[in-house]
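Chains, contacts and geometry: an overview
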Amino acid sequence: MNINLTLIGQTIAFAIFVWFCVKYVWPPITEAMSARQKKIADGLSAADRASLDLELAQEKASKELQKAKEESAALIDQANKRAAQIVEASKDDARKEGEKIIEQARAEIQQERVQARDALRAEVAAIAIAGAEKILETSVDAKAHSEMLDKLAAEL
Amino acid sequence: MAADTPVEYIKHHLTNLTYGKLPEGYERADGTVVEEATWTMARTGQEAADMGFMAIHVDTMGWSIAMGLLFLGLFRFVAKRATTDTPSGVQNFVEMTVEFVQGIVRDVFHGRNPLIAPLALTLFVWIFLMNTLKLIPVDYIPSIAHAMGLEYFKIVPTTDPNGTFGIAIGVFLLILFYSFKVKGAGGFAKELSFTPFNHWSLVPFNLILEVLALIIKPISLALRLFGNMYAGEVIFILIALLPFWIQWTLNVPWAIFHLLVITLQAFIFTTLAVVYLSAAHEDH
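The model shown is predicted, which means the values in this text are computed figures rather than measured ones.

Our next topic: the overall build of chain B. Scanning chain B from N- to C-terminus turns up nine helices and three strands. The secondary structure elements of chain B, listed N-terminal to C-terminal, are α-β-β-α-β-α-α-α-α-α-α-α. Over its C-alpha atoms, taken along the principal directions, chain B stretches across nearly 60 × 55 × 35 Å. For chain B, buried positions account for 36% of its 284 residues. Restricting to contacts in chain B with at least 6 residues of sequence separation, those with at least 24 account for 68%.

In this section: the interface of chain B and chain A. The partner chain A presents 29 residues to the 43 residues of chain B that form the contact. Among the elements of the structure, α2 (45–50), β3 (55–57), α3 (58–80), α4 (89–108), α5 (116–132) and α7 (161–194) of chain B are those that each provide at least two residues to the side of chain B that touches chain A. Take the side of chain B that touches chain A: its biggest share by element is eleven residues, from α3 of chain B. Looking at the side of chain B that touches chain A residue by residue, the class counts come to 26 nonpolar, 13 polar and four charged.

Next up on the list: the UniProt feature "transmembrane region" (unreviewed entry) in chain A. When the UniProt feature table is mapped onto this chain, "transmembrane region" (unreviewed entry) is found at residues 6–26 of chain A. In this annotation, residues 6–26 of chain A is assigned 100% helix and 0% strand; the end-to-end C-alpha distance for the span is 27 Å.

Let us look at the UniProt feature "transmembrane region" (unreviewed entry) in chain B. Residue and element names in this part refer to chain B. In the UniProt entry, the feature "transmembrane region" (unreviewed entry) is given for residues 61–79, 115–133, 163–180, 200–223, 230–248 and 254–279. Each end of residues 163–180 is marked by a C-alpha atom, and these two atoms are 26 Å apart; helix forms 100% of the span and strand 0%. Counted over residues 254–279, helix gives 100% and strand 0%. Its end C-alpha atoms are 36 Å apart.

Before going further, it helps to examine the environment of Leu 123 of chain B. Residues and elements named next belong to chain B. Within the secondary structure layout, Leu 123 lies in helix α5. On a C-alpha basis, the gap between Leu 123 and Val 101 in space is 9.9 Å, while along the polypeptide they are 22 residues apart. Contacts of Leu 123, omitting those with residues within four sequence positions, involve Phe 269, Thr 270 and Ala 273.

Right, let's get into the sheet that holds strand β1 (residues 18–22) of chain B. Residues and elements named next belong to chain B. The three strands lie next to each other as β2-β1-β3, forming an open sheet whose pairing is antiparallel. The sheet is open, and its two edges are formed by β2 (38–41) and β3, each paired on a single side. This sheet shows a mean twist of 20° between the axes of neighbouring strands, independent of strand direction. As defined by bridge partners, β1 adjoins β2 across four bridges and the pair is classed as antiparallel. Residue pairing across strands places Tyr 19 opposite Met 41, the latter belonging to β2.

Let us look at helix α9 (residues 247–281) of chain B. Residue and element names in this part refer to chain B. With 35 residues, α9 should cover 51 Å at 1.5 Å per step; its first-to-last C-alpha distance of 49 Å lies within 8% of that length. The sharpest bend along α9 measures roughly 25° and falls at His 258. Buried residues of α9: Asn 251, His 258, Ile 262, Gln 265, Ala 266, Phe 269, Thr 270, Ala 273, Val 274, Tyr 276, Leu 277 and Ala 280, and no others. Of the surrounding elements, those touching the buried residues of α9 are α4, α5, α7 and α8 (203–240).

Procedures and definitions
- Residues numbered from 1 in each chain as written.
- Chains lettered and ligands numbered in written order.
- Predicted model: local features only at pLDDT ≥ 70, side-chain atom pairs only at ≥ 80, totals over all residues.
- Helix = DSSP H or I, 4+ residues; strand = E, 2+ residues; numbered from the N terminus.
- Buried ≥ 20, exposed ≤ 12 C-beta atoms within 10 Å, placed from the backbone.
- Contact = placed C-beta atoms within 7 Å.
- Nonpolar A, V, L, I, M, F, W, Y, C, P; charged D, E, K, R; others polar.
- UniProt positions renumbered as here; feature names shortened; annotations may be inferred.
- Pairing = 2+ DSSP bridges.
- Axes fitted to C-alpha atoms, helices over the stretch in contact; angles between N-to-C directions.
- Expected span 1.5 Å × (residues − 1).
- Bend = angle between axes of the 7 residues up to and from the residue.

Here it is, written out as C-alpha cells:
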C-alpha cells in the first residue's frame with residue numbers, strides 16, 4: 001500500500017494506451033460501423049424506393065392499358081363508320097352509274113327510233129312516189145317535185 | 001509460501017512485488033546491511049515500505065500493461081480487418097463494446113471532442129480487464145511466481161492504489177487541460193471564483209469550495225475503484241483461508257457477485273471520468 005513510482009508509470013501507460021486507441025483503434029472500427037449503418041439505411045431506402053417505383057409502374061401500366069383499350073375502341077368505331085360511309089358511297093355511285101346507263105340506253109333507243117322513223121319515212125315517201133308514178137303512169141321528175149316530196153315526207 | 005499464520009498469509013497476498021532503492025546503511029530483513037544505496041527487489045513488506053517513493057510495483061505495472069496490450073491487440077486486430085459486411089464473432093463483440101461506450105459518451109458528454117469516446121473505451125475495457133484478473137483464484141499466480149523465486153506477487157492492478165490513482169491522475173490532467181483550453185485561464189479562474197455564489201465578497205469561499213471539488217474528482221475516481229477491488233480481494237483471501245473442501249460454498253457466490261462488481265466499477269469509473277471531462281468542456 002505504498003505510494004511510489006508505480007503511480008507515474010501507470011499514468012504514462014494510461015496515456016500511451018489512450019493515444020494508441022485514439023489513433024489506431026477507434027477510427028477504423030467506428031468508420032466500419034457507420035459505413036455499415038449507411039449501407040443498411042441505403043438498402044432500406046432503395047427497397048422503399050423500389051416498391052414505390054413498382055407501384056408507380058403498375059399504375060402507369062394499368063393507365064396505358066386503359067388508354068390502349070380506349071384507343072382501339074375508338075379505332076374500331078372509326079373503322080366501322082368509315083366502312084359504313086364507303087358502303088353508302090359505293091351504293092350511291094352504283095345507283096348513279098345505273099341511272100347513267102339507263103339514261104344512255106334511253107338516248108340510244110330514242111336515236112334509233114328517230115333514225116328508224118326517218119328511214120321509214122323515206123321509204124314511205126319512195127313507195128308513195130312509186131305509187132303515184134304508177135297511178136300517173138308517168139315518171140315524176142324527182143328533182144322538180146322534190147320540194148313537194150320533202151314536205152310530204154315531213155308530214156308523215 | 002512464506003505465510004504460516006492467517007495474518008501473515010493475508011499480508012503476504014496484499015503486498016506487491018516491489019523493485020526499489022534501499023538507502024545507504026539499511027539493514028535488510030536477513031540482517032545484512034546495504035553498503036550503499038542500491039536498486040533491488042524488496043524481500044519483505046517492511047523493505048518495500050522503506051523504499052519510499054523511489055520504488056516500482058513490478059506486478060502492478062506488468063499486469064496492467066499486459067491487460068492494456070491485450071485490449072489494444074484485440075481491438076486493433078478487429079480494427080484492421082473491420083468489414084462493413086456482416087461482422088464475424090469477435091468483431092461483433094468489439095462493436096458491441098464500442099457501441100456501449102458510444103452510448104455512454106452520447107448520453108453524458110455534451111461537448112465536441114474526438115478524444116473523449118476512445119478515451120472512455122480505453123478506460124472501460126482496460127479497467128474491466130484488470131478487474132477481471134481478480135477472478136483468478138488468489139493462490140494460483142503467486143504460487144507460480146513463488147516457484148520462480150519471486151516472494152510477492154499481486155496480480156490485480158486495481159487493488160493497488162498506485163494503479164487506480166495513476167489512471168485518475170491521467171484523467172485529472174485532462175480535466176485541467178480542457179478546462180484551460182475551453183474556458184481559457186481567465187474563464188477557468190472566474191468559474192472557480194464566482195460559483196456557486198456570484199458575489200465578490202464570497203470569492204475566497206468559492207475558491208476553497210471549487211478547488212476542493214476539483215481535487216476531489218480524481219481522488220473519488222481512484223478510491224472508489226481501489227476500495228471496491230481491494231475489499232473484494234480481501235474477502236477472496238479470507239475465503240482462501242478456509243479448508244479447501246468448503247471454499248466453493250463462499251467463493252463461487254462471491255465470484256459470481258464480482259462479475260457484476262467488476263463490470264459496474266469499470267462502468268462507473270468510465271462514466272464519471274466522462275462526466276468530469278464534460279464539465280471541463282462547459283463554458284459558462
